[in-house]
Amino acid sequence: MTAKLWRTPLDAADIEVTRGVVHIVEERCKGCGYCIAFCPREVLELGAHYNAKGYHPPIAKRMEACVNCHYCEIICPDFAIFSVAAQS
Amino acid sequence: MKAQPADHPLNGLLRTERIPHIWCPGCGIGTAFSACLTALLNSGMDLTKTAMVSGIGCSGRAAGYVKLDSYHTTHGRAIPFATGMKLAKPELNLVVFSGDGDLFAIGGNHFIHGARRNVDLTVVCVNNFNYGMTGGQAAATTPTYAKTTTTPLGNPDTPFNLPLLAYAAGATFVARWTILHNRDLTRCLEEALAHRGFSFVEVLAPCPTGYGRRNREKPLDALHLYQEHAVIRNGASPIEVELDPKRAITLGTFVQIQRATCIDMYDKVCRPAVAL
Ligand code: SF4
Ligand code: SF4
Ligand code: SF4
């Protein structure tokens, strides 16, 4: 985890950071890029591959950074991405 | 740590066989619709007694994607159809989900009278500043100076301030959010659903194909405009929330009041024995 903090919280070692796994439903994606632009942890980037409709779905290039905040899921207009808690 | 193959959490409320939906890449309607479905799930309402009613236009397609009882009505007439359903079956929860063209141009008169009577409906208006489906013509909500197919030199007219219109007509819950302010929007929709009376939520959403293309606004630019210019002022007077998309986008819940609903008054005046 490489959070940008101006000072390390005193209890940083005790706090468990929530982690997530992001799922991409490729055939629904229309490549708008909203999830990529607004993910607070820069987990996603545009994939080079195409889906059946000719769009580029995102890929999770830094899955380990995902904090399961669900923002990609709620900003997506196409029901094409969602996050779940990672099993530790 | 590989998670089980999971389903999208809203699949249960979607007619998944019709997804991918028809909306263009980056169209904000899908996000507004998704927030509405999440609010319905969170509301705790009996969804077997909940119906979604839409008019015509891109936003109107929502009624065809929700896996609830739904009604895709004629142009501008979602509110009268929903009013009829409410009067016939007062136990129904009715959500009208439609666009600005449908609700405020051809359906403008229905809107004001639904609000005046305080019919117990939740009206969600996706406002994308133009008629998307028919090719990007100017609407009653198009900002002054904005370009559309029917205003190539810029729109000379003044758009409606929708929250003020709703309040003046008698709506008892009035709010505005954007698709970017998704969590606030969802919470607000939950409150609107719980509100007894006519509730109105305006949701600003980009239409990249109709409006964006002619105003040099890519889908992401629209969201960045929301981010830059949003000012959250819950309780602001609707008179002060005029939209100026490039300068001030006032968001929040502006009105939340109680008064007798259409059915309350009908029972009191026309069926006094029943009301007792
Ligand atoms: S859940 Fe949050 S952190 Fe994880 S990918 Fe989505 S937006 Fe990024
Ligand atoms: S927000 Fe949805 S449709 Fe847009 S790129 Fe991401 S997954 Fe695809
Ligand atoms: S025309 Fe505009 S409103 Fe209609 S689906 Fe396309 S982007 Fe959305």
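The structure under discussion appears in the preceding block.
### Quick word on the environment of B:Asp264
Residues and elements named next belong to chain B.
1) Next: Looking at the secondary structure, you find Asp264 in helix H9 (residues 262-270).
2) Next: Along the primary structure Asp264 and Asn118 are separated by 146 residues, whereas in three dimensions their C-alpha atoms are 9.7 Å apart.
3) Next: Polar contacts involving the side chain of Asp264 include one to the main-chain amide nitrogen of Thr261, which spans 3.0 Å.

### Side note on helix H6 (residues 182-194) of chain B
Residue and element names in this part refer to chain B.
1) Next: The end-to-end C-alpha distance of H6, which contains 13 residues, comes to 18 Å, matching closely the 18 Å that a straight helix rising 1.5 Å per residue would cover.
2) Next: Those residues of H6 not exposed but buried are Asn182, Leu185, Thr186, Cys188, Leu189, Ala192 and Leu193. Down the axis of H6, the buried side of the element spans an arc of 165 degrees, and every buried residue falls inside it.

### Focus on the site of ligand 1
1) Next: Close contacts around ligand 1 come from A:Cys39, A:Pro40, A:Arg41, A:Val43, A:Cys66, A:Val67, A:Asn68, A:Cys69, A:His70, A:Cys72 and A:Ser83, and that covers them all.
2) Next: Looking at side-chain class alone, the shell around ligand 1 contains seven nonpolar, three polar and one charged residues.

### Regarding the sheet that holds strand E8 (residues 199-204) of chain B
Residue and element names in this part refer to chain B.
1) Next: Spatial strand order, E2-E1-E3-E4-E8-E7-E10-E9: eight strands in an open sheet with mixed pairing. Of all the strands in the sheet, just strand E2 (69-72) and strand E9 (230-232) have a single pairing partner and so form its edges. Each adjacent strand pair in this sheet contributes to an overall mean axis angle of 20 degrees, direction not counted.
2) Next: Strand direction decides the pairing type here: strand E3 (residues 93-99) and strand E4 (residues 122-127), joined by five bridges, are parallel.

### Details of the site of ligand 2
1) Next: As a structural note, the neighbourhood of ligand 2 is formed by A:Cys29, A:Lys30, A:Gly31, A:Cys32, A:Gly33, A:Cys35, A:Pro58, A:Cys76, A:Asp78, A:Ala80 and A:Ile81.
2) Next: Each residue belonging to the shell around ligand 2 can be placed in one class, and the counts come to seven nonpolar, two polar and two charged.

### What about unusual backbone geometry?
1) Next: Between B:Ile19 and the following residue, B:Pro20, the backbone shows a cis peptide bond with an omega angle of 5 degrees.
2) Next: Mapped onto the elements, B:Pro20 comes out in the segment before helix H1 (29-43).
3) Next: You will see that A:Asn68, though not glycine, has its phi angle at about 55 degrees, which is positive.
4) Next: Mapping A:Asn68 onto the fold places it in the loop between strand E3 (58-60) and helix H2 (71-75).
5) Next: The backbone of B:Phe129 shows a phi angle near 70 degrees, a positive value even though the residue is not glycine.
6) Next: Among the structural elements, B:Phe129 can be located in the loop between E4 and strand E5 (130-131).

Parameters at a glance
- Residues numbered from 1 in each chain as written.
- Chains lettered and ligands numbered in written order.
- Predicted model: local features only at pLDDT ≥ 70, side-chain atom pairs only at ≥ 80, totals over all residues.
- Heavy atoms only, no water.
- Helix = DSSP H or I, 4+ residues; strand = E, 2+ residues; numbered from the N terminus.
- Polar contact = N/O pair within 3.5 Å; in protein donor to acceptor, adjacent residues only side chain to side chain.
- Expected span 1.5 Å × (residues − 1).
- Buried < 20%, exposed > 50% of the residue type's maximum accessible area, 1.4 Å probe, protein only.
- Arc of directions from axis to C-beta.
- Near = heavy atom within 4 Å.
- Nonpolar A, V, L, I, M, F, W, Y, C, P; charged D, E, K, R; others polar.
- Pairing = 2+ DSSP bridges.
- Axes fitted to C-alpha atoms, helices over the stretch in contact; angles between N-to-C directions.

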